[in-house]
Amino acid sequence: MNPAESLVLSTRERVQVTLAERSYDIIIGQGLLGDAGTWYGLPAAAHAMVVTNTTVAPLYAQALRSQLQAQYRQVHEVVLPDGEAHKDWATLNLIFDRLLAEGCDRKTVIFALGGGVVGDMAGFAAACYMRGVPFVQVPTTLLAQVDSSVGGKTAVNHPLGKNMIGAFYQPARVVCDLDSLNTLPDRELSAGLAEVIKYGPIADAPFLDWLESNMDGLRSRDPALLAHAIRRCCEIKAKVVGIDEREGGLRAILNFGHTFGHAIEAGMGYGVWLHGEAVAAGMVMAADLSERLGLAESGLTIRLARLIERAGLPVRGPALGAHDYLRHMRVDKKSEAGDIRFVLIDGLGSAVVRPAPDALVAACIEAHCA
Ligand code: NAD
Ligand code: GLY
């Protein structure tokens, strides 16, 4: 082993998602895409299909394809249009069109190379194609590395609601190459930091302290800090998913800030606000709601807003009006019999899911909208 190789391997970390026969590893490290060791032990097949998009393909598809060519007789690629606005049924069909046109069989392994949009769509395609083929997540955004690639939620949007059409379907492996974050635009890095921040208040108060001490280093992409943050987020998510894979209860805490956030995304039109930006403003509203309901200690909202601002994220939502927020929030998957259910902070590092009076929710929206 040459010195460069040992450096790469020594920085590699593994987090396991434990789900009986559907257990898998999340591999985190530098230089993973181009390292043959990353790709050993995947399901054997004749065909591999790389699903990516117009932005990521020119950056990383060739590196991935050349590794896969050592293992699969035929390596295909489908390049989707980029953006949340394309996370829809018509774009999903492009994946099926290509799989069928290439004669891909039921052992074909799908590789999702890109951010959360590609990961969610490729995962859903894998869940559906021939009633299910294996897939591997190769997330290239911070948001995807800390959240969307882990846990098996796959979906496309419907004009009436975000992620409304989908399936729980676990990947065979998740490969988080830290080097891919070097090409990520600053705005997207910040969007990923929103999902990083969420893990503190819902599950790990010391991690929130750590983020406050290291936010500047994370924004300047210090690989050791990013590796630590990604590993900790994946550990928390793996634990939650291992307990409640299909969101019967506990898993909903991972949606802190998302109920308000989804209303922002739907209300503004998908893609106008990034998912992470909407979640950031949503976390401020959800923290305020937690305080107003007497669950969280006073001061949480200000503390969180400060950190969110330092991450380069919005702390105020768009002025859609409380009525519109509430209308969009009723389409949320956590709603039960028309009651919107919120993830609320119940003491730092702990979250609960419950309904709240419309008037109180409206007051939080009005207090934190531009
Ligand atoms: P994204 O997939 O749209 O990626 C953001 C942008 O960065 C895109 O333009 C993309 O092409 C580009 N990009 C990706 N990797 C890059 C790289 N390495 N260098 C340069 N550009 C790169 O957005 P996202 O923030 O990764 O994911 C958001 C999506 O994830 C939303 O649709 C959201 O609903 C979903 N999500 C799903 C889950 C889940 O559990 N499945 C969790 C959170 C979010
Ligand atoms: N991102 C929320 C979840 O995976 O459950």
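Keep in mind it's a predicted model, so treat the numbers as computed, not measured.

Rules of the game
- Residues numbered from 1 in each chain as written.
- Chains lettered and ligands numbered in written order.
- Predicted model: local features only at pLDDT ≥ 70, side-chain atom pairs only at ≥ 80, totals over all residues.
- Heavy atoms only, no water.
- 1 Å grid on protein atoms, 1.4 Å probe; cavity = no way out; pocket = protein on both sides within 12 Å on 5 of 7 lines; lining within 4 Å.
- Points joined across faces, edges and corners; volume = space filled by probe spheres on them.
- Helix = DSSP H or I, 4+ residues; strand = E, 2+ residues; numbered from the N terminus.
- Nonpolar A, V, L, I, M, F, W, Y, C, P; charged D, E, K, R; others polar.
- Pairing = 2+ DSSP bridges.
- Core = buried A, V, L, I, M, F, W, Y, C linked by side-chain atoms within 4.5 Å.
- Buried < 20%, exposed > 50% of the residue type's maximum accessible area, 1.4 Å probe, protein only.
- Contact = heavy atoms within 4.5 Å.
- Near = heavy atom within 4 Å.
- Polar contact = N/O pair within 3.5 Å; in protein donor to acceptor, adjacent residues only side chain to side chain.
- Areas by Shrake-Rupley, 256 points an atom, 1.4 Å probe, with all protein chains shown as cover.
- Axes fitted to C-alpha atoms, helices over the stretch in contact; angles between N-to-C directions.
- Phe/Tyr/Trp six-rings, centres within 6.5 Å; stacked < 30°, edge-to-face > 60°.

Colleague: Help me out: how do you make sense of the layout of surface pockets in this one?
Modeller: Think of a ball as big as a water molecule: rolled over the atoms, this probe shows where empty space is left. Size it by volume and the second largest pocket reaches roughly 170 Å³. For the second largest pocket, the full set of lining residues is A203, R232, E235, I236, K239, V240, I243, L250 and I253. Here the element with the most residues in the lining of the second largest pocket is helix α8 (residues 223-243); it accounts for six residues. Residue composition of the lining of the second largest pocket, by class: six nonpolar, no polar and three charged.

Colleague: Help me understand the environment of D339 in this model?
Modeller: Tracing the backbone shows D339 in the loop between α12 (322-329) and β10 (341-345). It is 9.5 Å that separates the C-alpha atoms of D339 and D358, two residues lying 19 residues apart in sequence.

Colleague: Explain the pairing of strand β11 (residues 351-355) to me, please; I cannot follow it from the model alone.
Modeller: Side-chain positions along a regular strand alternate between the two faces of the sheet. In this sheet, β11 lies alongside β10 in antiparallel orientation, the contact comprising five bridges. Opposite F342, over in β11, you have R354 as the bridge partner. Adjacent in sequence and paired antiparallel, β10 and β11 are bridged by five residues, among which G347 carries a positive phi angle near 90°.

Colleague: I'm lost on the nonpolar core in this one. Help?
Modeller: Most often, soluble globular proteins have nonpolar side chains that are buried together. L142 and M329 are the most contacted members of the largest nonpolar core, which totals 82 residues. With eleven residues, the single largest contributor to this core is α8. Other than its neighbours up to four places away in sequence, M329 contacts T259, F260, A263, S335, I340, F342, V361 and I365.

Colleague: Whenever I open this one, the site of ligand 1 confuses me. Can you help?
Modeller: In the region of ligand 1, 28 residues are neighbours, and D82, E84, T140, T141 and T183 sit closest. In the model, an oxygen atom of ligand 1 is placed 2.7 Å from a nitrogen or oxygen of the D82 side chain. For ligand 1, whose accessible area on its own is 870 Å², the fraction buried by protein is 91%. Among the secondary structure elements, those contributing two or more residues to the shell around ligand 1 are α2 (57-68), α4 (116-128), α5 (142-148), β8 (161-168) and α6 (186-203). For the shell around ligand 1, the per-class residue count stands at seven nonpolar, eleven polar and ten charged.

Colleague: Even after reading the chapter, I still don't get the site of ligand 2, so can you show me in this structure?
Modeller: Taken together, the residues surrounding ligand 2 are D147, K153, K237, E247, R251, L254 and N255. Considered on its own, ligand 2 offers 200 Å² of accessible surface; in the complex 90% of this is hidden by protein. Split into classes, the residues belonging to the shell around ligand 2 amount to one nonpolar, one polar and five charged.

Colleague: Is there a simple way to think about the sheet that holds strand β2 (residues 24-29) in this case?
Modeller: Note on sheets: strands pair through backbone hydrogen bonds, and any given pair is parallel or antiparallel. Taken together, the seven strands give an open sheet; going across it, the order is β1-β2-β9-β6-β5-β3-β4, and neighbouring strands pair in mixed fashion. Only two strands of the sheet have a single neighbouring strand rather than two, namely β1 (13-17) and β4 (74-80). Strand-to-strand twist of the sheet, defined as the mean angle between neighbouring strand axes without regard to direction, takes the value 15°. Of the strand pairs in this sheet, strand β3 (residues 47-53) and β4 are connected by seven bridges, and their pairing is parallel. Within the sheet, the bridge partner assigned to M49 lies in β4 and is H76.

Colleague: Before we go on, may I ask you to explain the packing of aromatic side chains in this structure?
Modeller: For any pair of aromatic rings, the description consists of the separation of the ring centres together with the inter-plane angle of the planes. Taken as a whole, this structure holds six aromatic pairs when the rule is applied. Seen from their ring centres, Y72 and F111 are 5.9 Å apart, and the 70° between their planes marks the pair as edge-to-face. Pair noted here: Y72 is in the loop between α2 and β4 and F111 is in strand β5 (residues 109-114), with a separation of 39 residues, a long-range link. With a relative accessible area of 3%, Y72 lands in the buried category. With 5.8 Å between their ring centres and 10° between their planes, F207 and W210 make a pair best called stacked. Separated by three residues within a single helix, F207 and W210 lie in helix α7 (residues 205-219), roughly one turn from each other. Taken as a pair, F207 and W210 share a single burial class, namely buried. Three or more aromatic residues link up through ring pairs in this structure, and these residues are W39, Y72 and F111.

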